[in-house]
Amino acid sequence: MKVEVDEPRCVAAGHCVTSAPEVFDQRDDDGVVDLLDDAPPEDEHERVREAALLCPSAAIILQERDGPA
Amino acid sequence: MPEPKALPFSARDAECPFNPADELYELQKQEELPRVPVPSPIMGEFEAVELTRFQDAKEAMSDPRLQMGFVFDPEQPRTMMNQPGNLLNYNGADHRRLRRMLTSAFTIKRIRSLTSKIEEIVESRLDALEAAGRGADIVHEFSTPIPTLVICELLGVPYEDREGFQRRAKIGLDVNTTREEQIANLGEMDEYMGRLVASHRRSPGDNLLGTVVRDFGDQLSEDELIGIGNMLLVAGHETTASMLSSSVALLLQNPDQLAVVRDDPDAVDDAVEELLRYCSPAIALPREAGEDMVVGGQEINKGERVVTSLLVANREIPGAEGDLDVLDVRRTPVPHVTFGYGSHQCLGQQLARAELRVALPALFNRFPALALGVPEEEIDYRTTSLVFAVNKLPVTW
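Since the model is a prediction, treat every value here as computed from it, not as a measurement.

Moving on to the interface of chain A and chain B. In many reports, interface size means the accessible area that the parts give up when they come together. Listed as interface residues are 22 residues of chain A and, on the opposing side, 19 residues of chain B. Of the roughly 1,600 Å² buried where chain A meets chain B, counting both sides, 48% is carbon and sulfur surface. When the buried surface of chain A facing chain B is broken down by residue, A:V11, A:D28 and A:P56 rank first, second and third, together holding 28% of it. Inspection of the chain A/chain B interface yields two salt bridges. Taking the shortest distance from any N to any O, the salt bridge between B:K109 and A:D28 comes out at 3.1 Å. Among the secondary structure elements, those contributing two or more residues to the side of chain A that touches chain B are α1 (15-19), β2 (24-26) and α2 (45-54) of chain A. Of the residues contributing to the side of chain A that touches chain B, the split by class is eleven nonpolar, five polar and six charged.

This is how it looks when you write it as structure tokens:
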């Protein structure tokens, strides 16, 4: 899984941080998403999908196909 | 084309006000997007496309072509719907710029850092409830003061000003008021908030409004800062108060579910999410199509107004298991639209969650034998306001 975030779209609702705190954080100065891990391990995938589903501004873009190791 | 029906888009069932009115379920089943007349004290009656289906609501609210229906117009009198600084009066880049100035105050980290303050406020209100004795009103002693006191902390409102503050907030949300009353009330709110902003200009407080004044005061006019303060008050006060009262009323009528909230700390977060989904107390403010657009495969023309029934949308969420018309605090949380969706999704939602997660279990643990002080059918609900609420909720223990 490959994770990208579209920072200009982010509205800092905070769902990603509550869903997958190992993968997403928020910048202190404006609350915008801070991607901690763009290739999270498999046991995080479900939580990352949840984060992308809940994100109200579609700022989390997932590529599910596994890329080269 | 069917005749549009005169009904408020947040209409609730007369027998059980936690349920949407039958008409809303009917509209949900109807394929064509209906146009309905919407009464408004500020704009007079207007016609709007009504969205009742979950997917339509999400699709529309995340489409940038759908804009807020009340964009700030300096030529018009000030109302809550026409005010600089209020995020709900902005679109696109202007909205993003303003929202980014406030989001640092609502990050998960910042909200978690407020937990002990919220706990302190809740404890003080539980003491007050106990002191008021059996028969005391939950709305008066508990659900209303808690969010007000939290907002007062965020804005830096001194204790002696808090009563007037609460009164003005209540008028600001009452749809059974005239346009003149709204304009007069907002004048008072502006005057008070102006004094508060001026004091932060002199010496920025260690709170949300003080931080905004300190960090962005050079980019924001007095008017905008006043509007920001008013918005935080109105958006954060009545909605959270309503969720607290509604949750207590509901749980007292469902003792097995109350026991979950009281006895299982690990279940509280999910329970709060279910209560939010089920109560859905606030409306989504009317929007307007800025361009021709398509929702659920159907055309909405540029200039048409659009209203969304969040309450009924939360009852047919695709992929959710079980009967969504039933409250089930053990339900795996479903992604509801109680806080709206898209770029305007509620800025304060994590604060609201934090307040509910602290206050509800604390109440039921302090008073394990809490019970309704009136028969169920005598609970006084308010269904005519922009925010659904309980007027009075006497309890005993």
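Looking now at the pattern of salt bridges. Residue and element names in this part refer to chain B. This structure, assessed with the given rule, holds 29 salt bridges over all chains. Close ionic contact of K117 with E120 constitutes a salt bridge, the shortest N to O distance being 3.1 Å. Of this pair, K117 and E120 are both found in helix α5 (residues 115-132), three residues apart, which corresponds to roughly one turn of the helix. Classification of E120 by relative accessible area gives partly exposed; the value is 49%. In this structure, the salt-bridge partner of E141 is R125, at a minimum N-O distance of 3.3 Å. Separated by 16 residues along the polypeptide, E141 in helix α6 (residues 138-143) and R125 in helix α5 bring together distant segments of the chain. It is possible to trace a salt-bridge network through shared partners that takes in E123, D127, E130 and R366.

Now for the sheet that holds strand β2 (residues 46-51) of chain B. Residue and element names in this part refer to chain B. With mixed pairing, five strands are arranged side by side in an open sheet as β1-β2-β7-β4-β3. Single-partner strands in this sheet number two, and they are β1 (35-38) and β3 (66-68). In this sheet, adjacent strand axes meet at a mean angle of 45° when their direction is disregarded. As paired strands, β1 and β2 are joined by four bridges and run antiparallel to one another. Note that in β2 the partner of P37 across the bridge is E47.

The next point concerns the state of the cysteines. All names here are of chain A. Taken as a whole and assessed by the stated rule, the structure comprises zero disulfides over all chains. Distance from the sulfur of C16, which forms no disulfide, to the nearest cysteine sulfur (C10) is 6.4 Å. Here C55 is not cross-linked by a disulfide; its sulfur's nearest cysteine counterpart is in C10, at 6.6 Å. In this structure C55 comes out as buried when scored by relative accessible area, which is 10%.

Rules behind the numbers
Residues numbered from 1 in each chain as written. Chains lettered and ligands numbered in written order. Predicted model: local features only at pLDDT ≥ 70, side-chain atom pairs only at ≥ 80, totals over all residues. Heavy atoms only, no water. Contact = heavy atoms within 4.5 Å. Buried area = accessible area lost by both parts, 1.4 Å probe. Salt bridge = Lys/Arg side-chain N within 4 Å of Asp/Glu carboxyl O. Helix = DSSP H or I, 4+ residues; strand = E, 2+ residues; numbered from the N terminus. Nonpolar A, V, L, I, M, F, W, Y, C, P; charged D, E, K, R; others polar. Buried < 20%, exposed > 50% of the residue type's maximum accessible area, 1.4 Å probe, protein only. Pairing = 2+ DSSP bridges. Axes fitted to C-alpha atoms, helices over the stretch in contact; angles between N-to-C directions. Disulfide = S-S within 2.5 Å.

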